Amino acid sequence: MAVVAFGQKDRIAVVQLPPSLITAYAEHTALDAGKAFVNLVGLPAAQVVEIPSENLLAIEGLLTTLAATARGVEASLVDDQMRLEVLAESAAYLRKTELADTLAHISGLEDPLASLQQAKEVQVFDMRTVMEQNTETIDWEGVHAYLKQYLGMVGRYQQRSRER
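Conventions adopted
Residues numbered from 1 in each chain as written. Predicted model: local features only at pLDDT ≥ 70, side-chain atom pairs only at ≥ 80, totals over all residues. Heavy atoms only, no water. Helix = DSSP H or I, 4+ residues; strand = E, 2+ residues; numbered from the N terminus. Contact = heavy atoms within 4.5 Å. Areas by Shrake-Rupley, 256 points an atom, 1.4 Å probe, with all protein chains shown as cover. Lys, Arg positive; Asp, Glu negative; His and termini not counted. Charge placed at Lys NZ, Arg CZ, Asp CG, Glu CD. Buried < 20%, exposed > 50% of the residue type's maximum accessible area, 1.4 Å probe, protein only. Pairing = 2+ DSSP bridges. Axes fitted to C-alpha atoms, helices over the stretch in contact; angles between N-to-C directions. 1 Å grid on protein atoms, 1.4 Å probe; cavity = no way out; pocket = protein on both sides within 12 Å on 5 of 7 lines; lining within 4 Å. Points joined across faces, edges and corners; volume = space filled by probe spheres on them. Nonpolar A, V, L, I, M, F, W, Y, C, P; charged D, E, K, R; others polar. Parallel < 35°, antiparallel > 145°, perpendicular 65-115°, else oblique.

A.B. asks: I'm lost on the overall build of the chain in this one. Help?
C.D. replies: Of the regular secondary structure elements, the chain holds eight helices and three strands. Along the first, second and third principal axes, the C-alpha set of the chain runs to 45 × 40 × 30 Å. Within the chain, residue pairs in contact and separated by at least 24 positions form 59% of the contacts whose partners lie at least 6 positions apart. Of the roughly 9800 Å² of accessible surface on the chain, a fraction of 52% belongs to carbon and sulfur atoms. Put simply, the chain has 14 plus and 22 minus side-chain charges, and the middle of one group is 12 Å from the middle of the other.

A.B. asks: So what exactly am I meant to see when it comes to helix 5 (residues 98–107) here?
C.D. replies: Every α-helix carries 3.6 residues per turn, so stepping three or four residues along brings you back to the same face. The complete set of buried residues in helix 5 reads Leu99, Ala100, Leu103, Ala104, Ile106 and Ser107. Here the buried face of helix 5 lies against helix 3 (53–71), helix 4 (80–94) and helix 6 (112–118). Of the residues one or two after helix 5, glycine 108 is the one with positive phi, at around 80°.

A.B. asks: What am I meant to see in the pairing of strand 1 (residues 2–8) here?
C.D. replies: In regular strands, side chains alternate between the two faces of the sheet. As defined by bridge partners, strand 1 adjoins strand 2 (residues 11–17) across seven bridges and the pair is classed as antiparallel. When the sheet's bridge partners are listed, alanine 5 is paired in strand 2 with valine 14. Counting the residues in the hairpin turn of strand 1 and strand 2 gives two residues, including lysine 9, whose phi is positive at 55°.

A.B. asks: So what exactly am I meant to see when it comes to the sheet that holds strand 3 (residues 121–126) here?
C.D. replies: Paired through their backbone hydrogen bonds, the strands of a sheet run either parallel or antiparallel. The strand order across the open sheet built from three strands is 1-2-3, with neighbouring strands paired in mixed fashion. Single-partner strands in this sheet number two, and they are strand 1 and strand 3. Shown here is a sheet whose adjacent strand axes are inclined to one another by a mean of 15°, direction ignored. With respect to the sheet, helix 2 (residues 33–41) is in contact with strand 1 and strand 2, its orientation differing from that of strand 1 by roughly 55°.

A.B. asks: Any chance you could explain empty space enclosed by the protein here in plain terms?
C.D. replies: Summary: where empty space remains is shown by rolling a probe the size of a single water molecule over the atoms. Tallied over the full model, the rule gives one cavity of 30 Å³ or more. Reported here for the largest cavity is a volume of approximately 40 Å³. Taken together, Arg11, Ile12, Ala13, Glu121, Val122, Gln123, Phe125, Tyr157 and Gln158 make up the lining of the largest cavity. Along the lines of polarity and charge, the residues of the lining of the largest cavity split into five nonpolar, two polar and two charged.

A.B. asks: Teacher, can you tell me more about the packing of helix 3 against helix 4 here?
C.D. replies: Between two packed helices, both the angle of their axes relative to each other and the distance between the axes serve to describe the pair. Running from N to C, helix 3 and helix 4 cross one another at 85°; their axes reach a closest spacing of 9 Å. Classified by the angle their axes make, helix 3 and helix 4 are roughly perpendicular. Here helix 3 contributes Glu60, Leu63, Thr64, Leu66, Ala67, Ala70 and Arg71 to the contact with helix 4, which in turn contributes Asp80, Met82, Arg83, Glu85, Val86, Leu87, Glu89, Ser90 and Leu94. Tallied by class, residues from the contact of helix 3 with helix 4 come to eight nonpolar, two polar and six charged.

As structure tokens, this is what we get:
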């Protein structure tokens, strides 16, 4: 999964993109995946981390269990939004656990839960199905412009949410 995460004060947005899109763009531009990702989304990169899929699946499993337990629902009903909400709600308690250490290790951030602890609103925007397409016939300039516009709208949404 390719993820763009950005925050404005106490708001955090996570935009998910299909990894096939990043892989195809990397091949198209002859850039490594991290540089291609930054180039395609058109945002300055504070940090780009490439994580093996098995590590992401392990974290997803832990967060699914945490969310299902915290919300009292079946694990099959847990989605990415719920995982992020529960992680943010539990960040203060989780900062001294092995999960925090694992998140720090795979993200490359010293304290990945610190921002979540301060967040009043977290939002997941899943673009994986919208952006999944035949990567052989993509208009890359159009995709780049679309992503730039979409991410700008997410930023404006966060700004308006904060002003309410």
